[in-house]
Structure formats: structure tokens, C-alpha cells
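# Secondary and tertiary structure notes
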Amino acid sequence: MQQTVGSAFGRSDVRQFAGRRAGSRRVPTVTCQAAGSKQDPLLLRVARGEDAERTPVWLMRQAGRYMAAFRQFSDKYPFRMRSETPDIAIELSMQPWRAFKPDGVIFFSDILTPLPALGIEFDVIKGKGPQIATPIRSMDQVKALRPMSDPASSLPFINTILSTISKELQGTEATLLGFIGTPWTLAAYAMEGKGDKDCKETKKVMMHNPEVLHAFLNHLTEALIVYAGYQIESGAQVIQLFDSWAHHLSPDQFAEFSLPYADRVTQALKAKYPHVPVIFHANGGTGKLEQLTKPTADVVGLDWAVDIKVARQTLGAGVKVQGNLDPMVLFAPEEKIMEETNKVLLAAGPRGHILNVGHGVVQGTPEGNVGVFCEAARQSGALFAKHGLKAGSKQLVGV
């Protein structure tokens, strides 16, 4: 269980920190929206399928330990304290936006955050990652889980974090992203009790007692629909589903144990919040593209294991994509980063693409190189013009 705020981060510390954070805010200078403008932010427009003047950009794990400012908190406070103390989570969410001006701000949290509301406690141990002391592996345990009946009471900090960031981003061109893990990924974490390269315990349940896994997935699906909706009602303009453990599944297993449940979440969100785009990102999902040619999500996230032009041709016309630079390219010299990022931009084309890395930003990435990556997106309109591709056009095959 995480430390409480009062035990290691006293009320006076919170007040002092909140004051420092408020006093350190800078007026945005790169992507400010014109006063009185009614145009939605760039990333939100592209996620909806609208034409735009250039390619938008954000980075998975853009709030992370590669930033010195982030490490001032991660070196001092445990993970759940950082993610569940609004003033800290807000600051960590805003740091990369103030530094690099990406078009998206994703709030600092974790895919496991909703689990305690269901009765599954977890902690994140430095050097070990997420740890769940009592893994869920039986039908009796699944039946004993609580529903996600009132996230405003069980997870009140989520509303505070998102609503505050939403207010801070008013008048800018930034889009606020919320996120959840997919039912499969949360089930795998909860059944393993930790990260595991073989997903052994979950696969054993899958092979011997699939009804237990399906029951757990069903419970998580219903809970995540409520939790994602809570994020939207708190201010999130786009929701991303992270299927972080999709790479553990064969195509057939993905079709049975992951995609149908992720689709149920997406369909429920689209029915209730049709104005909110949904991004589906499966780690290792590029080996399963044929199953995503008619996605329920608005945007399909791609890892870097596939040529993005080939992926767009496979997915078919009208399917919007996100990705997919190898995050290790961000360790390269500035010229190489621009070269490789421009390759992705040109291969994806000027329409229906959100620039991102194919997986999270890696610890140790030079901070300035993230800025170079974001700047490449800001220059993408000129890049397309140089190559005879009009921003917002459909001149690329398969797009």
C-alpha cells in the first residue's frame, strides 16, 4: 500500500509546493490558441478525422524520468504518492508541455490506478515495477471484486487532476488526453502479480480455466467503461487504451481475450461520448494489423516494428494512425532525429496521422532531443509542401 500524503508529504509541504508550481507557470508562446478562437485543438481535430494544417505530436511516457525536473519528485516520493497527490500529478503532467509544447498533454497516472477501487491493491516498487500482493486467479476472487460504482468517491484525485489541467490548458492549442489499460492488460497484471516476460500464470489460467479469465475480463470491461467515462467528465478530450501486454498473445488469443473486450469499452464510450476520440495502442499489435482493419477506435496506435506506410495500406483507407518512431532514435544526433522523424511523417502522409514514438520515451533520453522531435512535427506542413503533399490531403495510397 502506498504511503499517505500526510505521512511523508505534509499539508504544509503541499501548500508550499502548490504555490511554487503556480508561481512558476509560464505563458505559452508556441502553440497558443488565438483569443476568442472557437477552433478545437489540432490533435483533437486530427483524431476526429478532420483536415489540419500539419501533423500533431505527443509522446507516450512524455512525463518521465528522462526529465531532470521529473526526477526531483521521483527520487523523493513513491509512485502512488506522485500519481494520487493532485498538486504533484498536475505538475508532472505539465512539465513536458511547458518544456517542449507537444500538441497533447497526457495526465500523469498509471494503468493500474483503478484497481484498488475494485478491491485489488497494488504498489509500484522502485527497481521492480508494479506489485500485486494477492493475484486474482480463481472464480471466487473474481466474484468477490467490487464494481466501479462511484469513481468520484473511490478515485477523487482523478477529477481534481484532470479538471485542473483542463483549466490550465484553456486558451492553448493543447489537447488533454486521458488513458486506461485494456481489460486484457489489467487482467494479466493482476493475475501475474507483477510484470512477467512469459505471462506464465495468466496463460495457465487461460489454458486450464478460460472461464475464469473471461469472467475477470468482463468485470474489468464494465469497470473501465465507467472509469474512462469519469476521466472524460473530468476534462479528458481524448482517451487512449493501452494494450501493453498484447505482445504476449498470439493472433488467435488476441482475437479472443483482448480485442473484443477493448472494443466493448470503445463502443460504450463512443455511444455515450461521441465527441471524444478513442486511440487504441497495442504493444506488439503490428503483428495483428489484419484484425484492426475495421477498428472501433478512432485511431490505431502503431509500434515501430512496422513501416507506417505499409501499416496504413494494410489497415485501409480512412483508418487514422498514431506513431511510430523507434524511441531509441531519440538518442541520436539532432540531424538524425530530424531525418528519421521526417521519414515517418512522409511515410504516414499529411492526413489522419498523429506523430508519436512507437513505445514510451526511454529513461536517459536527452531532454533536448524530445524537443527536436516535437519541432519536426511543427515543421511538417512545410515538409509536406516541399514534397508536393498538401497538408490534409489524401494523396498517399491507402490513406
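Below or above, wherever it landed, is the structure these notes cover. These numbers come from a predicted model, not from an experiment.

Bringing the overall build of the protein chain into the picture now. Of the regular secondary structure elements, the protein chain holds 18 helices and 9 strands. Within the protein chain, buried positions represent 58% of all 399 residues. In the protein chain, once contacts between residues fewer than 6 apart in sequence are set aside, the share between residues at least 24 apart is 75%. Per element, the accessible surface of the protein chain, about 16100 Å² overall, is 52% carbon and sulfur.

This part covers the pairing of strand S6 (residues 278-282). Burial analysis of S6 places 5 of its 5 residues in the buried class, which makes it a mostly covered element. Side chains Val278, Phe280 and Ala282 of S6 all project onto a buried face; the interleaved residues Ile279 and His281 project onto the opposite face, where all are buried too. Pairing between strand S5 (residues 238-243) and S6: 5 bridges, direction parallel. Residue pairing for S6: Gln240 is matched across the bridge by Ile279. Once you follow S5 into helix H14 (residues 251-272) and on to S6, the crossover reads as right-handed. Two elements, S6 and strand S7 (residues 299-301), share 3 bridges in a ladder whose sense is parallel. The residue of S7 that forms the bridge with Ile279 is Val299.

Okay, the pairing of strand S8 (residues 320-325) next. Among the 6 residues that make up S8, 6 are buried, leaving the element largely enclosed by the rest of the structure. Read from S7 through helix H15 (residues 308-315) to S8, the crossover connection turns out right-handed. In this sheet, strand S9 (residues 353-357) lies alongside S8 in parallel orientation, the contact comprising 5 bridges. Its bridge partner being in S9, Leu325 is matched across the sheet by Val357. Following the chain from S8 across helix H16 (residues 334-348) to the adjacent parallel S9, one finds a crossover that is right-handed.

The complete set of buried residues in H15 reads Ile308, Ala311, Arg312 and Leu315. Projected onto a plane normal to the axis of H15, the buried residues spread over an arc of 100° and lie on a single side. One side-chain oxygen at the N-terminal end of H15 lies 2.8 Å from the backbone nitrogen of Lys309; it belongs to Asp307.

A few words on helix H6 (residues 86-100). Given a rise of 1.5 Å per residue, 15 residues ought to cover 21 Å, and the 22 Å separating the end C-alpha atoms of H6 matches this to within 8%. Along H6, the sharpest kink reaches roughly 30°, centred on Met94 and followed within four residues by the proline Pro96. In terms of burial, H6 is largely enclosed, as 13 of its 15 residues are buried. Phi turns positive, to about 50°, at Lys101, one or two residues after H6.

Angle between the axes and distance between the axes are the two parameters that describe a pair of packed helices. Where helix H11 (residues 183-192) contacts helix H13 (residues 210-234), the axes come no closer than 9 Å and their chain directions differ by 120°. Classified by the interaxial angle, the pair formed by H11 and H13 is oblique. In the crossing of H11 with H13, the sense of the turn from one axis to the other is right-handed. Between H11, through Pro183, Trp184, Leu186, Ala187, Ala190 and Met191, and H13, the contact on the second element is made entirely by Val212, Leu213, Phe216, Leu217, Leu220, Thr221 and Leu224. Tallied by class, residues from the contact of H11 with H13 come to 12 nonpolar, 1 polar and no charged.

Moving on, we get to the nonpolar core. In globular proteins that are soluble, nonpolar side chains generally tend to be buried together. In terms of nonpolar packing, the biggest core is built from 131 residues, with Ile165, Trp184, Leu213, Phe216, Tyr227 and Phe280 touching the most fellow members. Here the element with the most residues in this core is H13; it accounts for 12 residues. For Phe280, the residues in contact, after removing those within four places along its chain, are Thr182, Leu241, Asp243, Phe254, Leu259, Ala262, Leu292, Ala297, Val299, Val300 and Gly301.

Below, the discussion takes up the pattern of salt bridges. With the rule as written, the count across this model stands at 20 salt bridges. For Arg351, the salt bridge goes to Asp51, with nearest N and O atoms at 2.7 Å. Residue Arg351 is located in the loop between H16 and S9, and its partner Asp51 is located in the loop between helix H3 (42-48) and helix H4 (68-74); the two are separated by 300 residues in the primary sequence. Take Arg351: its relative accessible area is 21%, and that puts it in the partly exposed class. A residue is classified by how much of its surface remains accessible, and Asp51, at 45% relative accessible area, is partly exposed. Here Lys336 makes a salt bridge to Glu339, at a shortest N to O gap of 4.0 Å. Highlighted residues: Lys336 and Glu339, both in helix H16, separated by 3 residues, approximately one helical turn. Within this structure, Lys336, Glu339, Glu340 and Lys343 form a network of salt bridges that share partners.

Conventions we followed
Residues numbered from 1 in each chain as written. Predicted model: local features only at pLDDT ≥ 70, side-chain atom pairs only at ≥ 80, totals over all residues. Heavy atoms only, no water. Helix = DSSP H or I, 4+ residues; strand = E, 2+ residues; numbered from the N terminus. Buried < 20%, exposed > 50% of the residue type's maximum accessible area, 1.4 Å probe, protein only. Contact = heavy atoms within 4.5 Å. Areas by Shrake-Rupley, 256 points an atom, 1.4 Å probe, with all protein chains shown as cover. Pairing = 2+ DSSP bridges. Right-handed = clockwise from strand over helix to strand, strands pointing away. Arc of directions from axis to C-beta. Polar contact = N/O pair within 3.5 Å; in protein donor to acceptor, adjacent residues only side chain to side chain. Expected span 1.5 Å × (residues − 1). Bend = angle between axes of the 7 residues up to and from the residue. Axes fitted to C-alpha atoms, helices over the stretch in contact; angles between N-to-C directions. Parallel < 35°, antiparallel > 145°, perpendicular 65-115°, else oblique. Left-handed = near helix turned anticlockwise from the far one by under 90°. Nonpolar A, V, L, I, M, F, W, Y, C, P; charged D, E, K, R; others polar. Core = buried A, V, L, I, M, F, W, Y, C linked by side-chain atoms within 4.5 Å. Salt bridge = Lys/Arg side-chain N within 4 Å of Asp/Glu carboxyl O.

Geometric descriptors of this kind do not, in isolation, establish any biological role.
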